[in-house]
Amino acid sequence: MKTQDYIDIEDQYGAHNYKPLDVVLSKGKGVWVWDIDGNKYMDCLSAYSAVNQGHCHPQIGKVMVEQASRLTLTSRAFRNDQLAHLYEELCKLTRSHKVLPMNSGAEAVETAIKSVRKWGYEHKGVEPDKAEIIVCENNFHGRTLTIIGFSTDENARKNFGPFVPGFKVIPFGDAKALEDAITPHTVAFMVEPIQGEAGVIIPPEGYLRQVREICTAHNVVLVLDEIQTGLGRTGKLLAEEHDGIEADLTLIGKALSGGYYPVSAVLSNQAVLGLLKPGQHGSTFGGNPLACAVARRALDVLVKEKMVENSAKMGAYFLSRLKLIQSTAIKEIRGRGLMIAIELHTDSPISARQVCEQLMLKGILCKETHTYTIRFAPPLVITKDEVDFCLDRIRSVFEK
Ligand SMILES: *Cc1c(COP(=O)(O)O)cnc(C)c1O
């Protein structure tokens with residue numbers, strides 16, 4: 001089959017809920033992927049940061065195959081010999097007290113919402129059914145009905161209502177707005193340390209520290225959605241470390257499996273997850289031995305191969321060189337670690353989509369977010385030569 005054949009079949013039989021670039025991939029290794037014609041590309045999206053460890057990391061692949069031939073799923077009705085290890089390793093690595101494993105990121109978000117509501121009623125003493133959760137404009141926390149109900153992206157919400165009540169939306173990066181929005185019914189504030197899907201929006205210096213103080217002062221649970229920023233993407237294991245704070249609940253997913261399998265988790269202090277009792281929450285696949293074995297190895301290689309340090313180093317180099325590009329089309333270049341974005345002027349002669357299409361022809365795969373921003377988030381195993389390869393191609397698109 002040719003590229004166009006794959007596209008035609010997908011168009012005919014698939015729901016059109018994505019608009020992919022027209023490249024059909026069949027192989028990956030490290031930062032590189034190959035299409036069905038053998039063309040090689042550098043992956044600068046990393047499946048929205050799910051393959052931080054690089055495509056088909058051999059160590060993760062090995063443990064996946066071994067575990068898959070031994071035991072894959074027990075359900076949580078029985079115990080398995082991987083879950084305890086994952087719990088312990090995750091808690092030690094992230095200095096958490098409790099873990100609740102799920103599959104997709106959205107499920108981790110849903111789990112957090114349920115848990116903080118329960119905490120609000122049973123611990124904080126909020127009146128029944130009055131719990132409020134504060135979130136930010138331009139958030140992205142996933143695609144379930146509850147979650148899109150508090151999205152401010154019209155396209156994500158339109159004609160999917162009615163929505164779940166109990167959410168309040170405030171501007172991102174505005175600590176005063178948080179303080180003003182808190183009421184006796186507020187149980188939690190949920191926020192991304194850097195807004196990824198919104199276009200790598202970095203909040204003002206000191207924001208997260210202020211947020212931490214406000215939440216503590218008002219007995220409000222601080223939930224950080226680190227599903228995209230976590231596990232090395234921003235040059236620290238968790239993005240919260242840049243501000244020297246600790247969330248009460250931290251959500252991770254995506255790279256937790258190195259791209260092999262959907263694995264997510266809620267990391268928590270004792271107080272919040274400690275309230276859940278048998279039967280009150282669960283998932284058939286959550287915490288299964290295959291997922292646990294894969295996640296354990298994905299974390300292990302992240303640490304042992306110093307991918308977090310490499311993200312900080314390569315990210316700083318990438319960003320500093322990117323900023324040297326001369327182009328009237330570019331409004332701003334920003335980033336932290338290997339989470340980097342180029343934002344175009346609204347009257348730019350070239351759209352973000354067109355930049356991505358031109359980069360694809362030069363061997364770089366990346367994806368626009370909204371109309372004006374292009375995100376660069378390669379796997380964290382990228383080398384300096386590979387960053388240079390990428391920079392040359394970006395430069396040639398903008399400087400021509
Ligand atoms: C991707 C993402 C999610 C949702 O994860 P899924 O696995 O797609 O459900 C939630 N929050 C953030 C910040 C994300 O980037």
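Since the model is a prediction, treat every value here as computed from it, not as a measurement.

**Looking at the environment of isoleucine 364**
No. 1: On the secondary structure map, isoleucine 364 appears in strand S13 (residues 364–365).
No. 2: Judged by its relative accessible area of 0%, isoleucine 364 is buried.
No. 3: Put simply, isoleucine 364 and lysine 331 are 33 residues apart on the chain and 21 Å apart in space, counted from C-alpha to C-alpha.
No. 4: If near-sequence neighbours (up to four positions away) are discounted, isoleucine 364 is found in contact with Tyr41, Met42, Cys44, Leu359, Phe389, Cys390 and Arg393.

**Some thoughts on the sheet that holds strand S3 (residues 40–43)**
No. 1: Judged by pairing direction, the sheet is mixed, and its 4 strands sit side by side in the order S1-S2-S3-S13 without closing on themselves. Of all the strands in the sheet, the pair left with one neighbour each is strand S1 (25–29) and S13.
No. 2: Here S1 runs beside strand S2 (residues 32–35); their pairing, made up of 4 bridges, is antiparallel. Bridging across to S2, lysine 29 finds its partner in tryptophan 32.

**Details of the pairing of strand S9 (residues 249–252)**
No. 1: Alternating residues of S9 divide into Leu249 and Leu251 and Thr250 and Ile252, and every residue in both groups is buried.
No. 2: In this structure, S9 lies alongside strand S10 (residues 264–268), joined through 4 bridges in antiparallel fashion. Its bridge partner being in S10, isoleucine 252 is matched across the sheet by alanine 265.

**What about the domain arrangement of the protein chain?**
No. 1: Here the protein chain is described as being made up of domain 1 (3–53 + 306–399) and domain 2 (58–304).
No. 2: The straight-line distance from the C-alpha centre of domain 1 to that of domain 2 is 26 Å.
No. 3: Taken together, the contact pairs 28 residues of domain 1 with 30 residues of domain 2.
No. 4: If you look at where domain 1 meets domain 2, you find 1 salt bridge.
No. 5: Of the charged contacts, one joins arginine 375 and glutamate 197 as a salt bridge, the two residues approaching to 2.8 Å between their closest N and O atoms.
No. 6: Run the count over domain 1 and domain 2 and you get 22 residue pairs in polar contact (both at pLDDT 80 or more).
No. 7: Elements that contribute at least two residues to the side of domain 1 that touches domain 2 include exactly helix H2 (46–49), helix H12 (307–322), strand S11 (330–336), strand S12 (339–344) and strand S15 (373–376).
No. 8: Among the elements that line the side of domain 1 that touches domain 2, the one with the most residues is H12, at 4 residues.
No. 9: A breakdown of the residues in the side of domain 1 that touches domain 2 according to their chemical character gives 14 nonpolar, 10 polar and 4 charged.

**Considering the site of the ligand**
No. 1: Taken together, Ser104, Gly105, Ala106, Phe140, His141, Gly142, Glu192, Asp225, Ile227, Gln228 and Lys254 form the complete shell of residues around the ligand.
No. 2: Here lysine 254 contributes a side-chain N or O atom positioned 2.6 Å from an oxygen atom of the ligand.
No. 3: Expressed as a share of its isolated accessible area of 380 Å², the protein-covered part of the ligand is 81%.

**A look at the nonpolar core**
Buried together is how nonpolar side chains tend to be arranged in soluble globular proteins.
No. 1: Counting 69 residues, the largest nonpolar core has Phe318, Ile342, Ile374, Phe376, Ile394 and Phe398 as the members making the most contacts within it.
No. 2: Considering each element in turn, this core owes the most residues, 9 residues, to helix H11 (residues 289–304).
No. 3: Mapping this core onto the domain boundaries places at least three of its residues in each of domain 1 (3–53 + 306–399) and domain 2 (58–304).
No. 4: Excluding its chain neighbours within four sequence positions, the residues that come into contact with phenylalanine 398 are Ile325, Gln326, Ser327, Ala329, Ile330, Ile342, Leu344, Val355 and Ile374.
No. 5: Formed by 28 residues, the second largest nonpolar core is a distinct cluster that contains Ala106, Val135, Phe150 and Leu275.

**Considerations on unusual backbone geometry**
No. 1: Residue proline 162 is reached from glycine 161 by a cis peptide bond, and omega for that bond is 0°.
No. 2: Looking at the secondary structure, you find proline 162 in the loop between helix H7 (154–157) and strand S6 (167–170).
No. 3: With phi around 60°, asparagine 138 is a residue other than glycine that occupies positive phi space.
No. 4: If you trace the backbone, asparagine 138 turns up in the loop between strand S5 (132–136) and helix H6 (145–149).

The rules behind each value
Residues numbered from 1 in each chain as written. Predicted model: local features only at pLDDT ≥ 70, side-chain atom pairs only at ≥ 80, totals over all residues. Heavy atoms only, no water. Helix = DSSP H or I, 4+ residues; strand = E, 2+ residues; numbered from the N terminus. Buried < 20%, exposed > 50% of the residue type's maximum accessible area, 1.4 Å probe, protein only. Contact = heavy atoms within 4.5 Å. Pairing = 2+ DSSP bridges. Domains from an automatic or database assignment. Salt bridge = Lys/Arg side-chain N within 4 Å of Asp/Glu carboxyl O. Polar contact = N/O pair within 3.5 Å; in protein donor to acceptor, adjacent residues only side chain to side chain. Nonpolar A, V, L, I, M, F, W, Y, C, P; charged D, E, K, R; others polar. Near = heavy atom within 4 Å. Areas by Shrake-Rupley, 256 points an atom, 1.4 Å probe, with all protein chains shown as cover. Core = buried A, V, L, I, M, F, W, Y, C linked by side-chain atoms within 4.5 Å.

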